[in-house]
Amino acid sequence: MAVETAPKAPARPSHARPSPAGHSGMPRLKTTVTAAVAYVIAFIFLFPYLVMLLTSLRPQETLRDATILPTQWEWSNLVNFWSSGLAGNLVVTLQVAAGSTVLVLLVALPAAYYAARHNFRGRTFFLILVLITQMFQPTAMLVGIYREFSQLGLVDSVWSLILVNGGFNLAFAVWILTAYFSSIPRELEEAAFIDGNGRFGALFRITLPLAMPGVITALIFTFIAAWNEFVVALTLTTTPENQPLTVALNSFIGQYQVDWQNLFAGSVIATIPVIILFALIERKVVGGLTAGSIK
């Protein structure tokens, strides 16, 4: 009697793909390396701010110590900033930055919206002219700026700083907002017209909410530029009470000695509001910078 044998399993072809188990670690390794490089780059950029913070907490006699961390912590340096009278200069800086930002948005929003929605004669020349104005530096026009505001009686005034900072940051805001308005389909506004909205109704109810990332991008860059401005403020302001904080911090720099711990303490306090503002709206800033890249 013949014995039946079980059929043999077919041999695995030589060209069969190997198991992906051996390659599963490659994406994970790439992710780890990328994260490590990102952390190293972030540390390089943040290290000067760390040194500034640690120096602001050192006593005067330990400034030349070779240690990274202070051997003694002098927290009173941060308190001395407020008792030194510089709190009023911080308020001036807030006024200049906020006023310049509001002025830029009031002018840039209608200009960018009209340039994005109307193909008027000279549109290309207008946008090129806006770009050219961005190339001028305030330091190249200090004499003319001072003479102009001197004739207007606005020297040593907060309004002069607001106007100058607003003018020099207007071009960037117009370019950003024009690109963002152009990326918003016209059909959305036309649908709002059908629903009974006028031009301003469609603008405020449809277009502006969609363009908010671009608006916030223009806002944060204008605010930071006005907050950090130094040369024009040094030229146009003479009274210590009317100077922004960037100029008032020079009071810690003497002819023969520099009060480093208080200078760095003031710099830390001046940096904190900008860091908080940028951290709150960082995602919208990234979205505004990529405006117009994808339709």
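See the structure shown above.
If you're wondering where the values come from, they're calculated on a predicted model, not measured in any experiment.

Tell me what's going on with the overall build of the chain, and back it up with residues and numbers.
Counting its secondary structure elements, the chain contains 13 helices and zero strands. Moving toward the C terminus, one meets the helices and strands of the chain in the order α-α-α-α-α-α-α-α-α-α-α-α-α. The contacts in the chain between residues at least 6 apart in sequence include a share of 72% that link residues at least 24 apart.

Please set out empty space enclosed by the protein residue by residue, giving values where relevant.
Unoccupied space between atoms shows up once a probe the size of one water molecule is rolled over them. Under the defined criterion, the tally for this structure stands at one cavity of 30 Å³ or more. Empty space within the largest cavity amounts to approximately 50 Å³. If you go around the largest cavity, the residues you meet are T93, V96, L161, N165, A226, W227, E229, A233 and P244. Elements with a contribution of two residues or more to the lining of the largest cavity: α3 (87–117), α6 (158–183) and α9 (212–228). Looking at side-chain class alone, the lining of the largest cavity contains six nonpolar, two polar and one charged residues.

Tell me about the side chain of T55, and name the residues and values.
Mapped onto the elements, T55 comes out in helix α1 (residues 25–56). Under the relative-accessibility criterion, T55 is labelled buried at 13%. Polar contacts involving the side chain of T55 include one to the main-chain carbonyl oxygen of V51, which spans 2.7 Å. Every residue in contact with T55, bar those within four places of it in the chain, is listed here: L63, Q261 and F264.

I'd love a proper account of the packing of α9 against helix α12 (residues 260–280), names of residues and values included.
Closest axis-to-axis distance for the α9/α12 pair is 11 Å, and the angle between their directions is 175°. With respect to α12, the axis of α9 lies roughly antiparallel. Between α9 and α12, the residues in contact are I220, F223, I224 and W227 and A270, P273, V274, L277 and F278, respectively. Split by residue class, the contact of α9 with α12 holds nine nonpolar, no polar and no charged.

Can you lay out the environment of E190 for me, pointing to particular residues and giving the numbers?
With respect to the secondary-structure elements, E190 resides in helix α7 (residues 186–194). Considered as a pair, E190 and A202 are 12 residues apart in the sequence and their alpha carbons are 8.3 Å apart.

A description of the nonpolar core should follow, citing residues and the corresponding values.
One broad trend across soluble globular proteins is that nonpolar side chains are buried collectively. Ranked by size, the top nonpolar core spans 19 residues in total, and within it A108, L177 and F181 carry the most contacts. Ignoring sequence-local partners within four residues, the contact set of L177 consists of A108, L109, A112, G214 and V215. Listed in part, the 15 residues of the second largest apolar core include L86, A226, L249 and F252.

I'd love a proper account of the packing of aromatic side chains, names of residues and values included.
Counted under the stated rule, the structure contains five aromatic pairs. Measuring from centroid to centroid gives 5.5 Å for Y113 and F181, while their planes differ by 85°, and the two rings are edge-to-face. Here F181 lies in helix α6 and Y113 lies in helix α3, a separation of 68 residues in the sequence. Pair check on accessibility: Y113 and F181 agree, each one buried.

Any details on the environment of N89? Residues and values, ideally.
Along the chain, N89 falls in helix α3. For N89, a relative accessible area of 5% puts it in the buried group. Remark: the alpha-carbon pair of N89 and N242, spanning 153 residues in sequence, is separated by 7.0 Å. Not counting residues up to four positions away in its chain, the partners in contact with N89 are P240, E241, Q243, P244, L245 and A248.

How would you sum up the layout of surface pockets? Please name residues and give values.
Space inside the largest pocket adds up to approximately 550 Å³. Along the wall of the largest pocket there are 19 residues; nearest its centre are Y49, N228, A270, T271 and V274. Of all the secondary structure elements, the ones that give two or more residues to the lining of the largest pocket are α1, α9, α11 (245–248) and α12. When residues in the lining of the largest pocket are grouped by element, the largest group, seven residues, is from α12.

Outline helix α8 (residues 199–210), listing residues and values.
In this model, α8 (12 residues) spans 16 Å end to end at C-alpha, consistent with the 16 Å of a helix rising 1.5 Å per residue. Within α8, the full set of buried residues consists of A202, L203, T207 and L208. The buried side chains of α8 occupy one side of the element, clustering within an arc of 145° when seen end-on. Opposite the buried face of α8, at more than 90 degrees from it, the exposed residues are F204 and R205.

Each value, and the rule that gives it
- Residues numbered from 1 in each chain as written.
- Predicted model: local features only at pLDDT ≥ 70, side-chain atom pairs only at ≥ 80, totals over all residues.
- Heavy atoms only, no water.
- Helix = DSSP H or I, 4+ residues; strand = E, 2+ residues; numbered from the N terminus.
- Contact = heavy atoms within 4.5 Å.
- 1 Å grid on protein atoms, 1.4 Å probe; cavity = no way out; pocket = protein on both sides within 12 Å on 5 of 7 lines; lining within 4 Å.
- Points joined across faces, edges and corners; volume = space filled by probe spheres on them.
- Nonpolar A, V, L, I, M, F, W, Y, C, P; charged D, E, K, R; others polar.
- Buried < 20%, exposed > 50% of the residue type's maximum accessible area, 1.4 Å probe, protein only.
- Polar contact = N/O pair within 3.5 Å; in protein donor to acceptor, adjacent residues only side chain to side chain.
- Axes fitted to C-alpha atoms, helices over the stretch in contact; angles between N-to-C directions.
- Parallel < 35°, antiparallel > 145°, perpendicular 65-115°, else oblique.
- Core = buried A, V, L, I, M, F, W, Y, C linked by side-chain atoms within 4.5 Å.
- Phe/Tyr/Trp six-rings, centres within 6.5 Å; stacked < 30°, edge-to-face > 60°.
- Expected span 1.5 Å × (residues − 1).
- Arc of directions from axis to C-beta.

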